[in-house]
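Spelled out from the first residue to the last, the chains are:
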Amino acid sequence: MLCKNPDCGIYRLTYDVEYDADKDPDKMPCTFCGELLSKTGADILELSVGSLVKERRPAQIEYANALDLQYNELKSITFIEGGTGVGKSYAYIIPTVLELLKDCRARAIIVTSNKALQKQLTRDFPRILAALGADGLNGVSYALIKGRNNYACPELRDEVPPKYRRHFDDFIEKLPADIDNWPPHVETDWWGKISTDNCPKPGTCKTNCFNKDARLARIIITNYHYFGTFIRYPGILSDKREKRVFKYLVMDEAHQAVSSLRSAFQATINPGYLGSISSDLQRVDLTRLTSMTSKLDIYTELAAKLDIVADNLKERLVVANSTGRAPSSEIANTENTSGHKYDFAPVIIPEIDTYLDNLGVEEQLKLSVSVVAKYLNGIEVTDDLFEENPLGCVIRARLLTKLNRLHTFLLDARAADFCATKTAALDPRGLSLIPVDIGALIRPVLDRQFKHVVITSATLAQNGNDFSYIRAALGYNQINDNIVEKVVGSPFDYGRAARLYIPRMETIPAKGNTYEWYADVADEIVALATASVGDGFVLFSSAKDLREVADRTRDRLAEVGIPVLTQTDGITADALTKRYHQTPNSMLYGLKSFWEGVDIQGSKLRLVIIAKLPFPVPDDPIIRALTTRAGSNAFMEVSVPIMLEALRQGAGRLIRSQTDMGVVAILDSRFWTGTSNLMRHKAHLKNINYQKAKTPMGYGAKIYRSLGLKLIDSQDYACTLLKETIRLFNKLKSA
């Protein structure tokens, strides 16, 4: 319970009160001052065991209690790690809803990166609101909001391929028409043509009207990409009708916040994109919408300017790619920090102002784009106009979307916090602008828009309880009175349930030694998977590594009855996970999508092998820019924290419940020596073995502390533990 009497000695402090079943908890007095106590989120979790929550979780109550205290401050920034099994979604939703019940003008945003979590939250909210008496007409409303490209526009039915229109008619009946609800067996290559991005009648479109009302909900659940749009344009979620304001922000899965927001802010142009805008500007159907002939000149003028920029961009890219810089096979087979693949090694443009001037990207171009967009936006699309010229209305909507994105690019083009690269992640012919310091962009908005910000994840702190990396990345470099850091540990007994096995191999994934390392890794995987009788993950950082190791292990494991399932092009992570569940004793070889967000409990996953420490790709333009800024200690300040973040997520796939157990294996002996230099690695390893040292050198010590698992270096011992794990799981099943 919480006393809110400012004159009370325990004001703003929670303390234990002995509950009396015959008394109303909301009418219990403070034993110090006599004022009525306020029920907190932690109290709700205590009192609702068996109804709202299945069991009492001390860690969940501790988490909620931390937010209860912070929400009673005038302003707060809370960095809080909630380990696996804490149940953190309930622990932040309940205190937040209680605050909204006290302040009818307050609103909240909950941001996540995982679609599965967003869906889970929408399923949890009705139960939570009902339990708190916050449902009904006068309760706390909530809505899941995503970008307009996620929803279908009913006005664009003619753009749907004829064979899918029956599916579309059924689909559009239930609003919002979200692509995630589209039948999975029906292709969606044409979705971009019918999304509400291109809606010709935004004022009367059913989907747009539905989403407009949803954006007024008091609690908004959204993804980081849409949240990035909110950071740019806070007015998109404003509630002018009720004059409510956002006061609470919860950023869940915040270990992905920096990369996700960076992706949201990234802007790209390429010759094809500019050419499509120019072509649309000159379409007869569009010009027929224009009532004044004089306005046609602004279309023609802008089209000519864009054609010049597109031609210049083509010429400069041809020159850039014909100077002897060949496509990088290493990068072509490697996922970057955004999960995309590079076709060419990215080239950072140091003198971006001069480069843009030479392309023809000038202030006048930005003004022309703004003028045309403003004019198109001012054309009112009535039913009569749409009936008379439907294609013109569609072109207008499509153009507005493209022009707004182009305008964003032009605004960012000369900004100091953006890195320009001549190779876009998705199009090697493009010019991309990517924010380097994401904190400089978002912190001012967070400080201005919200009273209370909660930044949370299961893997937020590093080295045990160090939040400095995520704080600095989000712009909170210095600790002040408003910033609180807290680690709420997992209720799972990792010391009992899991071991960390890292062999001391002479080979490492370094240049000139890669194929020898592949051979050693294959031997280790075969030994471990055989002892475990399959039922494990092997996680890779690059598609090339996956293919090489799979080729070396598939037949050997098949001989002992262990099928190998690999993540290849053309199969989704969900489909591969389903196949893994259905295939006894299988080993799943996966890429980035299996490092996090996959929850497999029980004996089906008792072995997680991480082939290589997931350091970021050095040629990634952002990594290069951050490295340049960091200076001499760049590796420890940039690469190591990113590696630790991914590693904790990957290792976290193993223990997902109280009864889970098994082995996490990392087959990268740089853990022991802290070097990628093969000669130094062998020398350090020889010295470590001679001294019989049990602790790693360099960044290996940080890995050890961050994972928090007991360390072993004997393959025989690891295999023995896996065999014992099988026996214990069988014992649990029989019991």
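Relevant structure appears above.
Residues numbered from 1 in each chain as written. Predicted model: local features only at pLDDT ≥ 70, side-chain atom pairs only at ≥ 80, totals over all residues. Heavy atoms only, no water.

A. Main features of the pattern of salt bridges. Inspection of every chain in the model, using the stated rule, returns 31 salt bridges. Here Arg157 makes a salt bridge to Asp169, at a shortest N to O gap of 2.7 Å. With Arg157 in the loop between β3 (142-145) and α5 (165-172) and Asp169 in helix α5, this pair connects stretches of sequence that are 12 residues apart. Classification of Arg157 as partly exposed rests on a relative accessible area of 31%. For Glu724, the salt bridge goes to Arg727, with nearest N and O atoms at 2.5 Å. With Glu724 and Arg727 both in helix α29 (residues 715-734) and 3 residues apart, this pair spans about one turn of that helix. For Arg727, a relative accessible area of 44% corresponds to the partly exposed category. Among the charged side chains, a network of salt bridges with common partners joins Lys115, Lys146, Asp178 and Asp180. (Salt bridge = Lys/Arg side-chain N within 4 Å of Asp/Glu carboxyl O. Helix = DSSP H or I, 4+ residues; strand = E, 2+ residues; numbered from the N terminus. Buried < 20%, exposed > 50% of the residue type's maximum accessible area, 1.4 Å probe, protein only.)

B. Structural context of the environment of Ile442. By secondary structure assignment, the location of Ile442 is in helix α18 (residues 438-449). Sequence separation of Ile442 and Arg232 is 210 residues, and the distance between their C-alpha atoms is 8.7 Å. Discounting chain neighbours no more than four positions away, the residues touching Ile442 are Ile231, Leu261, Phe265 and Leu474. (Contact = heavy atoms within 4.5 Å.)

C. Seen up close, the packing of helix α21 (residues 514-532) against α29. Packing of α21 against α29 leaves a shortest axis separation of 8 Å and a crossing angle of 25 degrees. It follows that α21 is roughly parallel to α29 by the angle criterion. Crossing of α21 against α29: the hand is right-handed. Judged by residue contacts, Glu524, Ala527, Leu528, Ala531 and Ser532 of α21 engage Gln715, Ala718, Cys719, Leu722, Lys723 and Ile726 from α29. Taken together, the residues of the contact of α21 with α29 break down into 7 nonpolar, 2 polar and 2 charged. (Axes fitted to C-alpha atoms, helices over the stretch in contact; angles between N-to-C directions. Parallel < 35°, antiparallel > 145°, perpendicular 65-115°, else oblique. Left-handed = near helix turned anticlockwise from the far one by under 90°. Nonpolar A, V, L, I, M, F, W, Y, C, P; charged D, E, K, R; others polar.)

D. Structural context of the sheet that holds strand β4 (residues 219-223). A sheet is described by the order of its strands in space; here 7 strands give the open sequence β3-β4-β2-β5-β9-β1-β10, paired in parallel fashion. Where the open sheet ends on each side, the last strands, each with one partner, are β3 and β10 (483-488). Averaged over all neighbouring strand pairs, the angle between strand axes comes to 20 degrees, with direction disregarded. Summarising the sheet, strand β1 (residues 76-82) and strand β9 (residues 452-457) pair through 6 bridges and their orientation is parallel. Counted as the bridge partner of Thr78 is Val454 from β9. Set on the sheet, helix α2 (residues 58-71) makes contact with β1, β5 (245-251), β9 and β10; between it and β10 the angle comes to about 170 degrees. (Pairing = 2+ DSSP bridges.)

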